[in-house]
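Reading the structure
The lines below spell out each chain.
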Amino acid sequence: MSELGFVTVDFVVFALVILSSILIGTYYAVSGGKNKTSLEFHLGNRQMKFLPILISLMVSNQSSIMMLGYPVETYLFGGVIWLPVLGYIFVFMACVRIIIPLFHPMKITSVNEYFELRYGAVAVRRFASICGAMVDTMYSALVLYGPAIAMEGVTGVPFWVSVLSMAVSSILYTSLGGIKAVVWTDVFQFLILYMGIFAVLIKGTMLSGGLRKVWDINKATGRLQPVSFDIDPTRQYTFWSLMIGSTVKALVIPFRQTSVQRVCCTKSAKDAKYIFYLIGPAFVLTMSLAMAMGLVAYAYYYTIRCDPILSKKIVYNQLIPYMVLDIFRDEPGMAGLFMASLFSASLSTVSSNLSGLSAITLEDFIKPHFKKISESKAAIISKVTVVLYGLLATALAFLVAEMKGSLYRVALSIMSVFTAPLLGIFLYSIFFPRATHMGCLVGGIAGMAITLWISMGQSFSTSLRREQALPFAPIDRCFPVVNNTFMNMSITTPENVSTTFDTPTSVPDILNSTLAPFVNTGPQGLDRFYAISFYWFDTLALIVILTVAITVSFIVGRPSTRQVNMKYILSFSEQFFPCLPEKAKIFLTCGVDIEKRRRKCGSHENGDAQHELAVGLIPESPTSPVSPTSESIGFS
């Protein structure tokens, strides 16, 4: 093979895409209200259009982790990786029944404001804010790391150059243009993303011999085999872990600041519902295309008989960029376009997270202490915090570079430490009428502790049973012949034919070093607990959170239903099983007719006053706007 790498045209195409993102941010910095208020900077004055919000929400959750990690997992373990995609449909359908009816009428900027409204206490709000900030910062670091390490491995561009270029670009257009720049840049990056994906799929399929050939090769190697129904929780890829565990893991997406912020940007709840009705199928399409890239990549390298991972030419996360440079070596500019799409996926995620982090910081940490801050000062502070969080994410990206293994697995494992408690305390607060802030707080901390414990145990354990990878592609055309002779080395190909390799490095050495992360060594002692699949992290944490939270609430004393503003509660049975008889619904909500009491809460503003009076946020006085009978109207 000739040496692979960028040519001048590739660098030009790549630079133009990045520059376009910055120019969009600059445009929104000097247009409209010029982001002089925090409402415009964070929510676009709640007047954003339906379609751009839909696209923005989709691409902000489909980062370089999807573009790099998902195809690699498919390459190694096959098409069973597609099953979690189905869970996204349920996740976003659930949003329509939870997020929109609950959060859209509140007109909040930070999703964590909900907890103070719910409990009348700031402790849970602070805890949720910290968890949310850690999620978005760590996620930003991971998506900065992904394309940078891929770029360095296949083009020679230094890791730090790529990280800084992405970080500076996202910081610039987010701090200049606010949420409008983020959303419209996402739309532009969405187009680049799909152009890159389809270019790879079409060209890779053609070079592999066509769709039928791609299918046959992957089927012969077991990549299209049926999923296992094994109930062993230490198995990474079973029907139960991929369908149930991954769906619970994805449930946190609607509760993240970036999602709720976009819901609150829409003009009406109707527009918000349309977004979530459509985004589920859109996720399925995009993730399916990412999985298809993994299948096409395997078929291509099987066809040319040179597996780049087994031959140690690249590491896992460089698979797709390396393939792009390989298949487009005769089409200058196409590799640059794909790498631009990879960077665009990261830019959209980082910019969305920076915007969300800025909103959380302003609403949860600054405004509570400086209640009389002007809108102009709030906007300036928001822009400054975007820069600070961008710098922090950049620093963390260099730390993430020290981690080993698939980007997809690393991301899911680390993020669970903070996403699991966030999901748990939201579900507990929303669906348990007699929840207490103390139970919520202790339960959230317990969930974080158990997830951190397992995650750290998996990282440092030396005897865990790892998942066995499927057969790699042949490598007999990767190396030059030594003295016109072969070295009599072989591995088993998909047709179970022994293939000779002409390389001075022994195949056993290659296999031992390459497959080490996937060999079954058998867990010992406490490692049996650490061996649980990372797909089950959030489910286990959710069970712990709800158990601890309910127990603590019983101990400290639960409030009566008359003390709870039902406007901040939803009936699980009413939202997901509306066809059940009324008595069954009330039984499932512990005898509380939540929907009836929500209807009695009256107007949104009056409900706030009732709740503030009940929890002591405002004093009761003869001049109070809440009448003496308002409690019986709002809480009984």
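Residues numbered from 1 in each chain as written. Predicted model: local features only at pLDDT ≥ 70, side-chain atom pairs only at ≥ 80, totals over all residues. Heavy atoms only, no water.

**Describing a nonpolar patch on the surface**
- Among the surface-exposed residues, Trp160, Val161, Leu164, Val168, Leu172, Leu176 and Phe398 lie close enough to one another that they form a single nonpolar patch of about 560 Å² accessible area.
- Sorting elements by how many residues they give to the nonpolar patch places helix 8 (residues 159–208) first, with six residues. (Patch = residues over 30% accessible without salt bridge, like charges linked within 9 Å, V, L, I, M, F, W, Y side chains within 5 Å. Areas by Shrake-Rupley, 256 points an atom, 1.4 Å probe, with all protein chains shown as cover. Salt bridge = Lys/Arg side-chain N within 4 Å of Asp/Glu carboxyl O. Helix = DSSP H or I, 4+ residues; strand = E, 2+ residues; numbered from the N terminus.)

**Brief notes about unusual backbone geometry**
- One non-glycine residue, arginine 305, lies in positive phi territory at about 60°.
- Relative to the helices and strands, arginine 305 is located in the loop between helix 12 (269–304) and helix 13 (319–327).
- Here the phi dihedral of lysine 312 falls at roughly 65°; this positive angle occurs in a residue that is not glycine.
- For lysine 312, the position within the fold is in the loop between helix 12 and helix 13.

**Topic: the pattern of salt bridges**
- A complete count under the given rule lists 10 salt bridges for this structure.
- Among the ionic pairs, arginine 125 bridges to aspartate 364, the shortest N-O distance being 2.8 Å. Placement of arginine 125 in helix 7 (residues 123–155) and of aspartate 364 in helix 14 (residues 334–366) is noted, with a sequence separation of 239 residues between them. Here arginine 125 and aspartate 364 have matching classes, each one buried. (Buried < 20%, exposed > 50% of the residue type's maximum accessible area, 1.4 Å probe, protein only.)

**Remarks on helix 10 (residues 239–250)**
- With 12 residues, helix 10 ought to run about 16 Å at 1.5 Å a step, and its terminal C-alpha atoms sit 16 Å apart, in line with that.
- Every buried residue of helix 10 is accounted for by Ser241, Leu242, Gly245, Ser246, Thr247, Val248, Lys249 and Ala250. (Expected span 1.5 Å × (residues − 1).)

**Concerning the packing of helix 7 against helix 8**
- Where helix 7 contacts helix 8, the two axes come as close as 8 Å, and the packing angle between them is 140°. If you check the angle between helix 7 and helix 8, you find them oblique. For the pair helix 7 and helix 8, the crossing hand works out as right-handed. From helix 7, Val143, Leu144, Tyr145, Pro147, Ala148, Ile149, Met151 and Glu152 reach across to helix 8, where they touch Phe159, Ser162, Val163, Met166 and Ala167.
- Residue composition of the contact of helix 7 with helix 8, by class: 11 nonpolar, one polar and one charged. (Axes fitted to C-alpha atoms, helices over the stretch in contact; angles between N-to-C directions. Parallel < 35°, antiparallel > 145°, perpendicular 65-115°, else oblique. Left-handed = near helix turned anticlockwise from the far one by under 90°. Contact = heavy atoms within 4.5 Å. Nonpolar A, V, L, I, M, F, W, Y, C, P; charged D, E, K, R; others polar.)

**Observations regarding the confidence of the model for the protein chain**
- For the protein chain, the average pLDDT comes to 77, and 78% of its residues sit at 70 or higher.
- Of the regions scoring below 50 in pLDDT, residues 481–521 engages in 84 contacts with residues more than four places distant in sequence or in other chains.
- In the model, residues 603–636 has pLDDT below 50 throughout and makes 51 contacts with residues more than four positions away in sequence or in other chains. (pLDDT = per-residue confidence, 0-100.)

**Brief notes about the packing of helix 14 against helix 15 (residues 375–400)**
- At a minimum axis distance of 8 Å, the contact between helix 14 and helix 15 shows a crossing angle of 125°. Regarding the angle of helix 14 to helix 15, the classification is oblique. In this structure, the crossing between helix 14 and helix 15 has a hand that is right-handed. Contacts between helix 14 and helix 15 pair Leu354, Leu357, Ser358, Thr361, Leu362 and Ile366 from the former with Ala378, Ile381, Ser382, Thr385, Val386, Tyr389 and Gly390 from the latter.
- Looking at the contact of helix 14 with helix 15 residue by residue, the classes come out as eight nonpolar, five polar and no charged.

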